[in-house]
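Tertiary structure, described
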Amino acid sequence: MHNQQMSAPKRIAGFTLLAAILGCVAPPTAVVPVSSVAIKPNVILIVADDLGFSDIGVLGSEIPTPNIDSLAAGGTLFTNFHVAATCSPTRAMLLSGVDNHKAGLGNMGEFLTEEQRGQPGYEGHLNHQVETLATRLRRVGYQTAMAGKWHLGDGPNERPHARGFDHTLALMEGSGSAWNDGSPAPIVGDRTQFTRDGVADERAPGFSATLYVNEMIRFVEEADPDIPFFGYLAFQAVHWPHHAPAHFLDAARGLYDDGWQAVSNARFARQRMLGLFAETVRKSPLDERLPLWAEIPIEVREDEVARMEAYAAMAMAMDYELGRLVEFLRESGRLDDTLLLFVSDNGPDPSEPERSPLARAWYGSHYPRNNASNYGLPGSFPSTGYAWARVSSTPLATHKGQPGEGGLRVPLIAHLPGRIAPGQRNSVFGYATDVVPTVLEAVGGSLSDGDDSGDDTPDGESLWGAMLGDEAGHAREEPVGYELMGNAALFDEDLKLVRRNGEPWRLFDIARDPAETENLARTRVADFERLVRQYESYEVRTGVVRVPEDYDVMKLLLKAAERSDP
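The following paragraphs examine the structure supplied in this document. (Residues numbered from 1 in each chain as written. Predicted model: local features only at pLDDT ≥ 70, side-chain atom pairs only at ≥ 80, totals over all residues. Heavy atoms only, no water.)

1. Digging into the overall build of the chain
For the chain, the count of helices and strands is 16 helices and 15 strands. By residue count, 61% of the 566 residues in the chain fall in the buried class. Excluding contacts between residues fewer than 6 apart, the proportion of contacts in the chain whose partners are at least 24 apart in sequence is 74%. As displayed, the chain offers around 21,500 Å² of accessible surface, 52% of which is attributable to carbon and sulfur atoms. (Helix = DSSP H or I, 4+ residues; strand = E, 2+ residues; numbered from the N terminus. Buried < 20%, exposed > 50% of the residue type's maximum accessible area, 1.4 Å probe, protein only. Contact = heavy atoms within 4.5 Å. Areas by Shrake-Rupley, 256 points an atom, 1.4 Å probe, with all protein chains shown as cover.)

2. Details of the nonpolar core
Of all hydrophobic cores here, the largest spans 77 residues; its most connected members are Leu-233, Trp-260, Leu-329 and Phe-342. In this structure, Leu-329 is in contact with Ile-44, Val-220, Phe-229, Arg-334, Leu-335, Thr-338 and Leu-340, ignoring residues within four places of it in sequence. One finds Tyr-142, Ala-234, Ile-420 and Val-480 within the second-largest nonpolar core, a separate group that totals 68 residues. (Core = buried A, V, L, I, M, F, W, Y, C linked by side-chain atoms within 4.5 Å.)

3. Remarks on unusual backbone geometry
In this structure, the amide linkage connecting Ala-237 to the following residue, Val-238, adopts the cis form with an omega of 5°. Looking at where Val-238 falls in the secondary structure, it is placed in the loop between β7 (229-234) and α7 (246-251). Put simply, Thr-394 and Pro-395 share a cis peptide bond, and its omega is 0°. The phi dihedral of Asp-197 falls on the positive side, at around 50°, and the residue is not glycine. Here Asp-197 shows up in the loop between β5 (194-196) and β6 (199-201). On the accessibility criterion, Asp-197 (31% relative accessible area) is partly exposed.

4. Focus on the pattern of salt bridges
Scanning all chains against the criterion turns up 35 salt bridges. Ionic pairing is found between Arg-196 and Glu-215, a salt bridge with its closest N-O pair at 2.6 Å. Of this pair, Arg-196 sits in strand β5 while Glu-215 sits in helix α6 (residues 208-222); the two residues are 19 residues apart in sequence, bridging distant segments of the chain. Under the relative-accessibility criterion, Arg-196 is labelled partly exposed at 29%. For Lys-496, the salt bridge identified is with Glu-516, shortest N-O distance 2.9 Å. Of this pair, Lys-496 sits in strand β14 (residues 495-499) while Glu-516 sits in the loop between β15 (506-509) and α15 (525-542); the two residues are 20 residues apart in sequence, bridging distant segments of the chain. Per residue, the accessibility class of Lys-496 equals that of Glu-516, and both read buried. Through salt bridges with shared partners, one network takes in Arg-196, Asp-201, Glu-215, Arg-218 and Glu-222. (Salt bridge = Lys/Arg side-chain N within 4 Å of Asp/Glu carboxyl O.)

5. Brief notes about helix α8 (residues 260-273)
Along its 14 residues, α8 runs 20 Å from first to last C-alpha, staying within 8% of the 20 Å computed at 1.5 Å per residue. Taken residue by residue, α8 has Trp-260, Val-263, Ser-264, Arg-267, Phe-268 and Gln-271 as its buried positions. Viewed end-on, α8 has its buried residues packed into an arc of 135°, placing them on one side of the element. Its buried side turned inward, α8 meets α9 (298-331) and α11 (385-392). Following α8 by one or two positions, Gly-275 has its phi on the positive side, about 80°. (Expected span 1.5 Å × (residues − 1). Arc of directions from axis to C-beta.)

6. So, the pairing of strand β4 (residues 167-171)
Most of β4 sits out of view: four of its five residues are buried. Pairing geometry for β4 and β5, over three bridges, is antiparallel. Looking at β5, one finds that Leu-171 is bridged to Phe-194. (Pairing = 2+ DSSP bridges.)

7. Section: the packing of α6 against α9
Where α6 contacts α9, the two axes come as close as 9 Å, and the packing angle between them is 10°. Overall, the two elements α6 and α9 adopt an arrangement that is roughly parallel. Like other packed secondary-structure pairs, α6 and α9 cross with a definite hand, here right-handed. Across from Ala-209, Thr-210, Val-213, Asn-214, Met-216, Ile-217, Val-220 and Glu-221 in α6, the residues of α9 making contact are Met-318, Glu-321, Arg-324, Leu-325, Phe-328 and Leu-329. (Axes fitted to C-alpha atoms, helices over the stretch in contact; angles between N-to-C directions. Parallel < 35°, antiparallel > 145°, perpendicular 65-115°, else oblique. Left-handed = near helix turned anticlockwise from the far one by under 90°.)

8. Overview of the packing of helix α2 (residues 66-73) against α9
Between α2 and α9, the shortest axis-to-axis distance is 7 Å and the interhelical angle comes to 55°. One way to sum up the angle between α2 and α9 is to call them oblique. The segment α2 lies against α9, with Pro-66, Asn-67, Ile-68 and Leu-71 engaging Met-318, Asp-319, Tyr-320, Leu-322, Gly-323 and Val-326. Of the residues assigned to the contact of α2 with α9, the class counts are seven nonpolar, two polar and one charged. (Nonpolar A, V, L, I, M, F, W, Y, C, P; charged D, E, K, R; others polar.)

9. As for α6
Since the α-helix packs 3.6 residues into each turn, any two residues three or four apart lie on the same face. Between its terminal C-alpha atoms α6 stretches 21 Å, which fits the 21 Å expected from 15 residues at 1.5 Å a residue. For α6, the full list of buried residues reads Ser-208, Ala-209, Thr-210, Leu-211, Tyr-212, Val-213, Asn-214, Glu-215, Met-216, Ile-217, Phe-219 and Val-220. For α6, the elements touching its buried residues are β3 (143-149), β4, β5, β7 and α9.

10. Points about the environment of Gly-206
Relative to the helices and strands, Gly-206 resides in the loop between β6 and α6. Remark: the alpha-carbon pair of Gly-206 and Pro-245, spanning 39 residues in sequence, is separated by 9.7 Å. With near-sequence residues (within four places) excluded, Gly-206 lies in contact with Ala-178, Trp-179 and Leu-211.

Written out as C-alpha cells, the structure is:
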C-alpha cells in the first residue's frame, strides 16, 4: 500500500485554497506542558532541497502543497527562520547545531580555495569535532535512521552510518537524477553514489521521493515500538534536475502561462491576504533587466513555462510523498507521538548548468530528452533559471548562494499534536543551529551529553518555547553571524547587517523591510558600526578564512573538472 502512487492529484488545489481561506487554523486541542509528559516523542526532521520561501501554499504559492499546509495548520509555522545560502553548510548546522565554520563546512567542499584547504573547519565534510543529532539521540536511547541526500562527506567514516544513524539509504552527492543514478554534472562522473548502512549499494528503480519515503516507512515499521525513533528524511526535491511523475506534471499545466511578473505579483497578493506581510511592506522587484513577458518570443515563453511546471510538479510530488508518510504515522498510531520538523536547506537556485556552453555536450549526451515536451520525465534535465528563482523568493531579495533574505530565509514548520498548539504562526528569528537544541529540549535531552572530543556544544538556541507559543521567551543574548564564500550577514533582533563579496556592508530592518529595499547604514550609524564590530568578532571566533574579492565559483568548477579528468 505504501508503494502506490496517487492516480491524479485533483483534490490538492482545492485543499490549498480552503487552507488559505481558513487561515490554516485547525480545531484547538489541549497542549500538555513538556515537563508533564513522560514519554519521549519520536522525531522526524524533513529537509527539502532548494525550496524557496514562497513555494508552499501557506506562504502564498500557487503550487498545491496540501500536506505541508496541513502540518502548518496543525502546528507552528515560523516565518523568520534562516539557514546558510547553500545546502551542505546548512545540513551541517541542522545536524550538529554548530556553526558551519566549526563543523567542517566553512565552505562547500566543491568550492574550497587553496587558502581554505586544510584549515580547521574547512575539511569539506562534516568533521569529527562535532556530534550529530543522531549520535546525541542514540545516546539517550533513540533508534535512528536517515533516507535521502547526505552531501556531508563520502569517506567510510564520513557516511551517515558512521555519524550516528543505525539504518541509512543515502545519496552521497549534492544532487542527481530523481529517476535513476544519473549524475548531475561532469565533475561528478556518470553515476551518483548510493550507500546503504555505510556500504555502497545500487539505487533501486523509481522516483527519488517515493524511494526515500518508502525507506522511512520501512524503518518505522521495523522499529521497536517501545523505543522512540529519530528519522532524517532529506528529499532531493526541488533541486535540479526537476523531475516528477507524469500525473503531477499534468496537474501543473497552466500555472505559469502568465509569466514571471504576474506569478510573483499574485504570490505577494496572497501573502498579504494571509496576513504574512503588512500593507506597508514592499516586494523586492524582479530584475529590471528581465524582459516583459509579452515581449518574449512565444517559443521561449513555452519553454520557460514548461521548466517551471516541472519544478512545481516536483514540489507537488514531494508534498504527496510527505503526506503518505504522515498518513502512515496516523494509521499506525504514531503521529500523536512524533515531532515533525519541515525545513528547506536554502533559497531557490537560479543556476542553469545544462545551459552552460562548456557543458552542453555532456548534458546532451547524458540527458538526451531535455526539451519542453519532456521536462520532468526520465532523460530530461530542466532547471528554472534566474527569473523563476526570484519568483520563488517572493517578496524577498536574491536567491540561493546570496546573503539576501531570498537566499537565507526559508519555511520552518513544527508539528506535534497535543503539545504544539495548532494554527500558530511565529515571526521570532530562528537559525539552522537552533534545531539541535530545540529537539534536545523537546525530548528532555541535555546539551552536555557530548563526549568532550571536540567543540560540539551547539551554538544555537532552543526554539521549543516558541513552538509551544511563547514568542517572548526567545530573546537572544548575542547576534547571529553568517559567512559563506565571502557573502556575510549578522542578525541582531530586527536588524540585519549584510554584505555580498567585494561590496560594502548594508543595514536593514528585516521586520519592517524583509525585502531589504531601504539601506539604513547612513541613518543608523551607531547600530551600523556596532554590528560591523560584532561581525568581525564572529569571524575571529569561528575561524573564517576569507575568499578573495574576485572569487569565482565557475573557475573553481573548471579546476575541479581538470582534476577529475583522467
